[in-house]
Amino acid sequence: MFLEKLEITGGNRLCGEISVCGAKNAAVAIIPAALLVEGVCRIENVPDIKDVQLILQMLTHLGAKVEKLDVNTIEIDSTSLKTHVAAYDMASRMRASYYLLGALLGRLGKAEVALPGGCNFGQRPINLHEKGFRAIGAKVTTIRGQVIATAEELHGNSIYLDTASVGATINIMLAAVLAKGRTVIENAAKEPHVVDVANFLNTMGANVRGAGTDIIRINGVEKMHGGAYSIIPDQIEAGTFMLAAAAAGGDVLVKNVIPRHMESICSKLEEMGVEITEYDDSIRVRRDGAIHGVRVKTRYYPGFPTDMQPQMAALLSTAEGESTITEDVWDNRFQYIGELQRLGADIRVEGRSAIINGGRLYGAPVRATDLRAGAAMIIAGLAAEGKTIINDPHYIDRGYSNIEVRLRSIGAKIERIYEV
Ligand code: EPU
């Protein structure tokens, strides 16, 4: 039995070009969305990450035919499904398994999926997903850890989301695209991956309007058809590489990005003193001198993304002066701070805020406590003096493909090591 770890030798400037993969949180919704389609969906720019492998296995278990054409292209044929019950072992291991509920309910009128797992940062209820399903005619119960949704007929309705939840917005879209009549989601999430899922559904014959605004209108269609779709670049992966370049210093061109999705991140980096140049589909990040502390508050899109919060804390731990990060989306997303402190970061948590006094970081053994916390450890390790060992890198592999190979291509000293 080997223990995998990432070993980073910090203090090297990063230089060169790095390309961003397809968006994880779009992929883990679009793949289940293919269950709604009687026909072949060809999906391109699929990131080669653990969460995608897991959701594809779940589709195969349900009877969909999944074919991998190359490392980033798949075909899914859900014409004949054999069950509406998702495998517990897989569903309970990831958050996005909740999309199987909306997709199976929409396609078959019934779905059984274990309560979802995924990164643990406070309560992660699915009451708004359930509220939406009920509003369009489903009965939803939870029995022994299984969420069971059934409907004789799904019909359009208006749903107001008390919180602009990404998951609930997407799940209600999935359940409603084949329902009778019009469904309206008010206070919908506006994240880029919500728009991407809507575009995928429309390419396959659905009629979804308004994604990217507060109000999404879904006109139910009788049937959807196959087609080809390419997933958008990952906003969070792009942001992670940009912050890595800012933390280590250097000159990096981050390619295959949609600059509009990166505005909140670019503007914070510029405020810190990092030089940013935007091109059509790439962003250049240059840092030579010192960077200064800033105030950051996570918000729903187009605000600063919560999924960049730990990486930003790592970067700000190296900035001059005091910074404050306020987490507005999740109740408890500061568990990783103890790990940054092992590297010498001066951070204290007060309620929903972390107050950071920037300084030098020194390599040490740390742990990836979840996916983005793991990304934060990489950023801190690249900036730290000496060697950092990151334990539990499997969390990082859930959302970043071949992270060490890609970072090495821009000059990072990072290796995957295997200890007995
Ligand atoms: N919420 C409710 N009720 C619900 C659903 C959500 O109260 O039924 C609350 C949550 O407790 C939270 C807020 O609404 O306070 C936002 O939750 P949201 O539903 O938007 O989050 P999610 O869909 O579970 C997705 C991403 C997360 C990302 C959040 C916020 C996926 C698979 N996950 O989660 O991504 O943090 O949106 O942008 O899309 C990550 O990629 O590392 C990650 C955790």
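### Considering the overall build of the protein
Per the secondary structure count, the protein includes 14 helices and 23 strands. Taken against the 2.2 N^0.38 rule, which gives 22 Å for 420 residues, the C-alpha radius of gyration of the protein at 21 Å falls within 12% of a compact globule. Across its three principal directions, the C-alpha atoms of the protein cover 60 × 45 × 40 Å. Across the 420 residues of the protein, 57% fall into the buried class.

### Here's the deal with the sheet that holds strand β7 (residues 139-143)
If you trace the 3 strands from one edge of the open sheet to the other, you get β6-β8-β7, paired in antiparallel fashion. A strand with exactly one partner marks an edge of an open sheet, and here the two such strands are β6 (110-114) and β7. On average, each strand axis in the sheet is tilted by 15 degrees relative to the strand beside it, whichever way the strands run. Where β7 meets strand β8 (residues 146-150), 5 bridges bridge the pair, whose relative direction is antiparallel. Note on β8: the bridge partner recorded for T141 is I148. The sheet contacts of helix α4 (residues 99-108) involve β6 and β8, and relative to β6 the element is tilted by about 165 degrees.

### So, the pattern of salt bridges
A complete count under the given rule lists 29 salt bridges for this structure. In this structure, K255 and E17 form a salt bridge, with 3.0 Å as the shortest nitrogen-oxygen distance. On the criterion of sequence distance, the pair formed by K255 in strand β14 (residues 250-255) and E17 in strand β2 (residues 14-19) is long-range, its members being 238 residues apart. We classify K255 as partly exposed; its relative accessible area is 31%. Measuring nitrogen to oxygen at the nearest pair gives 3.0 Å for the salt bridge that ties K268 to E271. On the criterion of helical spacing, the pair formed by K268 and E271 is a turn pair, its members being 3 residues apart in helix α9 (residues 263-272). The partly exposed category is assigned to E271, whose relative accessible area is 47%. If you follow the salt bridges from partner to partner, you end up with E4, D397, E404 and R416 in one network.

### As for the domain arrangement of the protein
Along its sequence, the protein is carved into domain 1 (3-21 + 233-419) and domain 2 (24-230). Summarising the inter-unit geometry, the C-alpha centres of domain 1 and domain 2 are found 30 Å apart. Contact residues are listed per partner, giving 21 residues for domain 1 and 23 residues for domain 2. With both chains or domains summed, domain 1 and domain 2 bury close to 1900 Å², and 54% of this area falls on carbon and sulfur atoms. Seen at the junction of domain 1 and domain 2, the total is 1 salt bridge. Among the salt bridges present, the one from R398 reaches D51, with a minimum N-O distance of 2.9 Å. Where domain 1 packs against domain 2, one counts 6 residue pairs in polar contact (both at pLDDT 80 or more). In terms of residue class, the side of domain 1 that touches domain 2 is built from 7 nonpolar, 6 polar and 8 charged.

Criteria and thresholds
- Residues numbered from 1 in each chain as written.
- Predicted model: local features only at pLDDT ≥ 70, side-chain atom pairs only at ≥ 80, totals over all residues.
- Heavy atoms only, no water.
- Helix = DSSP H or I, 4+ residues; strand = E, 2+ residues; numbered from the N terminus.
- Rg over C-alpha atoms; globule rule 2.2 N^0.38 Å.
- Buried < 20%, exposed > 50% of the residue type's maximum accessible area, 1.4 Å probe, protein only.
- Pairing = 2+ DSSP bridges.
- Axes fitted to C-alpha atoms, helices over the stretch in contact; angles between N-to-C directions.
- Contact = heavy atoms within 4.5 Å.
- Salt bridge = Lys/Arg side-chain N within 4 Å of Asp/Glu carboxyl O.
- Domains from an automatic or database assignment.
- Buried area = accessible area lost by both parts, 1.4 Å probe.
- Polar contact = N/O pair within 3.5 Å; in protein donor to acceptor, adjacent residues only side chain to side chain.
- Nonpolar A, V, L, I, M, F, W, Y, C, P; charged D, E, K, R; others polar.

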